[in-house]
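Letter by letter, the chains look like this.
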Amino acid sequence: MNTKNKTRPAASGPARPEDQRLSIGSTFAYGFQHVLTMYGGIIAPPLIIGAAAGMSSQDIGLLIAACLFVGGLATILQTVGIPFFGSQLPLVQGVSFAGVSTMVAIVHGGGGIQAVFGSVIVASLIGLAITPLFSKIIKFFPPVVTGTVITTIGLTLMPVAANWAMGGNAAAPNYGSVANIGLAAATMGIVLLLSKVGNAAISRLSILLAMVIGTVIALATGMADFSKVGQGPIVAFPTPFAFGAPTFEIASIVSMLIVILVTLTETSADIIAVGEIVGTKVDSKRIGNGLRADMLSSAVSPLFNSFTQSAFAQNVGLVAITGIKSRFVVSAGGLILVVLGVLPVLGRVVAAVPTPVLGGAGVVLFGTVAASGIRTLSKVEYRNNMNLIIVAASIGFGMIPIAAPKFYDQFPSWFSTIFHSGISSAAIMAILLNVLFNHFKAGNSDNQSVFVAGTGRVVSEADIACLAHGDRFENGKLIDAEGKEVPLTSDTSAEH
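These numbers were taken from a predicted model, which means no experiment stands behind them. (Residues numbered from 1 in each chain as written. Predicted model: local features only at pLDDT ≥ 70, side-chain atom pairs only at ≥ 80, totals over all residues. Heavy atoms only, no water.)

Draft legend 1. Quick look at the overall build of the protein chain. A tally of regular secondary structure across the protein chain gives 18 helices and five strands. Taking all 496 residues of the protein chain together, 51% fall into the buried category. Pairs at least 24 residues apart make up 78% of the contacts formed inside the protein chain by residues separated by at least 6 positions. Only carbon and sulfur atoms are counted for the fraction: they give 65% of the accessible area of the protein chain, which is about 22,400 Å². (Helix = DSSP H or I, 4+ residues; strand = E, 2+ residues; numbered from the N terminus. Buried < 20%, exposed > 50% of the residue type's maximum accessible area, 1.4 Å probe, protein only. Contact = heavy atoms within 4.5 Å. Areas by Shrake-Rupley, 256 points an atom, 1.4 Å probe, with all protein chains shown as cover.)

Draft legend 2. Unusual backbone geometry, seen in detail. Although it is not a glycine, Gln 88 adopts a positive phi angle of roughly 55 degrees. Of note, the phi angle at Phe 241 is positive, near 50 degrees, even though the residue is not glycine. Note on placement: Phe 241 falls in the loop between helix H7 (206-220) and helix H8 (250-278).

Draft legend 3. Looking closely at the pattern of salt bridges. Scanning the model with the defined rule gives five salt bridges in all. Note that Asp 19 and Arg 327 form a salt bridge whose closest N and O atoms lie 2.8 Å from each other. Of this pair, Asp 19 sits in the segment before helix H1 (24-52) while Arg 327 is found in helix H11 (residues 327-342), placing the two residues 308 residues apart along the sequence. Classification of Asp 19 as buried rests on a relative accessible area of 3%. Judged by relative accessible area, which is 8%, Arg 327 ranks as buried. Within this structure, Arg 16, Glu 18, Asp 19, Arg 286 and Arg 327 form a network of salt bridges that share partners. (Salt bridge = Lys/Arg side-chain N within 4 Å of Asp/Glu carboxyl O.)

Draft legend 4. Representation of the confidence of the model for the protein chain. Taken as a whole, the protein chain shows an average pLDDT of 82; of its residues, 88% reach a score of 70 or greater. Of the regions scoring below 50 in pLDDT, residues 492-496 engages in three contacts with residues more than four places distant in sequence or in other chains. (pLDDT = per-residue confidence, 0-100.)

Draft legend 5. Fine view of the packing of aromatic side chains. Inspection of the entire model under this criterion finds ten aromatic pairs. Ring geometry for Phe 117 versus Phe 307: centroids 5.5 Å apart, planes at 20 degrees, classification stacked. Highlighted residues: Phe 117 in helix H3 (residues 100-134) and Phe 307 in the loop between helix H9 (284-300) and strand S2 (309-311), separated in sequence by 190 residues. Accessibility assignment for this pair places Phe 117 and Phe 307 in one class, buried. Linked through ring pairs, Phe 397, Phe 407, Tyr 408, Phe 411, Phe 415 and Phe 419 together constitute an aromatic cluster. Taking the ring centre of Phe 328 as reference, the NZ or CZ of Arg 21 above it sits at 4.0 Å. (Phe/Tyr/Trp six-rings, centres within 6.5 Å; stacked < 30°, edge-to-face > 60°. Lys NZ or Arg CZ within 6 Å of the ring centre and 35° of its normal.)

Draft legend 6. Looking closely at the nonpolar core. Grouped together as the largest cluster of nonpolar side chains are 100 residues, with contacts concentrated most on Leu 68, Ile 113, Val 116 and Phe 307. Broken down by element, the residue count for this core peaks at eleven residues, all from H8. (Core = buried A, V, L, I, M, F, W, Y, C linked by side-chain atoms within 4.5 Å.)

Draft legend 7. Spotlight on the packing of H8 against H9. At a closest axis distance of 10 Å, the pairing of H8 and H9 adopts a crossing angle of 135 degrees. Put simply, H8 runs oblique to H9. Crossing of H8 against H9: the hand is right-handed. The residues of H9 that touch H8, namely those facing Ile 260, Thr 263, Leu 264, Thr 267, Ser 268, Ile 271 and Ile 272, are Ile 287, Gly 290, Leu 291, Asp 294 and Met 295. (Axes fitted to C-alpha atoms, helices over the stretch in contact; angles between N-to-C directions. Parallel < 35°, antiparallel > 145°, perpendicular 65-115°, else oblique. Left-handed = near helix turned anticlockwise from the far one by under 90°.)

Draft legend 8. Expanded view of the side chain of Ser 394. Checked against the element boundaries, Ser 394 lands in helix H14 (residues 387-403). You can call Ser 394 buried: its relative accessible area is 0%. Those residues in contact with Ser 394 that lie beyond four places of it in its chain are Thr 148, Ala 426, Met 429, Ala 430 and Leu 433.

Draft legend 9. Local environment of the environment of Ala 481. Topologically, Ala 481 is positioned in the loop between strand S4 (477-479) and strand S5 (485-486). According to the relative accessible area criterion, Ala 481 is exposed, its value standing at 55%. The spacing of Ala 481 and Gly 470 is eleven residues in sequence and 4.4 Å in space, taken between C-alpha atoms. In contact with Ala 481, not counting residues within four places along its chain, are His 469, Gly 470, Asp 471 and Arg 472.

Draft legend 10. Highlighting helix H10 (residues 313-322). With eight of its ten residues buried, H10 lies for the most part within the structure. For H10, the set of buried residues is Ala 313, Gln 314, Asn 315, Val 316, Gly 317, Leu 318, Val 319 and Thr 322. Gly 323 sits one or two residues past H10 and shows a positive phi near 75 degrees.

If you want it as structure tokens, here you go:
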């Protein structure tokens, strides 16, 4: 065990797992690992939105730097916390993918990037006002719901890992090539091998080390390009309202408010998920503090040319796989993001890490999230209740937009915005079914569904009535009170 990684009790009250403090070197090493894990996800939204707005590559670069900068500040607020803001959990914050399609629609609708920023500000302030309502839903998140949501988070992230492993750009000629997938497989193999070594520090840094080794392999095989690292400014502080003052359009604000509701739902699920993984208490007050940090960061982010902020589910998987539960590690990652935001040259170095390398590591990371959810579901009681059908219907419903991304294309935009997210779909379904079956029990019975009957061993009363006093089973045989074997029959029509 690494003797440097000692837990220091919190200043007051009992020590919490998330208050663990590591050495400075370990803290920033693990923090950098978090940055690498989410880097591809945090730069994708500004790339997509900037391209939709017809921005030049230089302007898109400004958007990316702004998103890194704001994401870092939001992460520090979420993990360190101030009164009423911040869950003090190891959650990495960044631009939420939930709003990308809505923002693109606003841009294409003629509002431009300024209308996007305006709608984010107003909708986030409304979200900030309604967080007390969301923070009260903790009682509706028993293990049958949290386990379902955590499992779905992992499963919905697998297409992201697969896309990264294939190259990340479907229009590229080498997308899905053997070379790309082979590099991803090599990175994944290195993660597994390093996880097996006896040294705890190497095992916990397996993701970061595997990415470094995978990048070296890519360089040796000509699959990595660092030639553009030196191009562009070295230092560039985000300029407030660099693209003009925000504009406020009612339709855009209403659309963005739906995104905020989705973000609140997903962040609530992520807070509960990471709390389950860390093994710490998460109550309504903590959820409320986390959601307020989300909404405050989102409301301020347009000032620095960024968008809605949300917890990154992939980093929840990193917490699970490394076992490093310290929120200060993630705070260090937030500081690194801030530095990347004002030092674009460093951002370009990280951006040069080949996407297949991220994909190989992502398969393990996201699979770990799903496995954590399955572990939670294993603690759920399934006998004489409807919990199995809650899990089955919720996961199945959550997988619909993942298996068929165009499933909701013909639905109203507000509906598709909410249910296009597999995480939101599963969370909403699990909460509603849990309320229906476990809170409103009128009409429930012990055997009202084939799902109930299938959840455990069932012996009919008629079979019990056939047994005589002293009957017992020995080595798979039914023996009566006199020690004689009683023949068994599979003929259900036989008289008892």
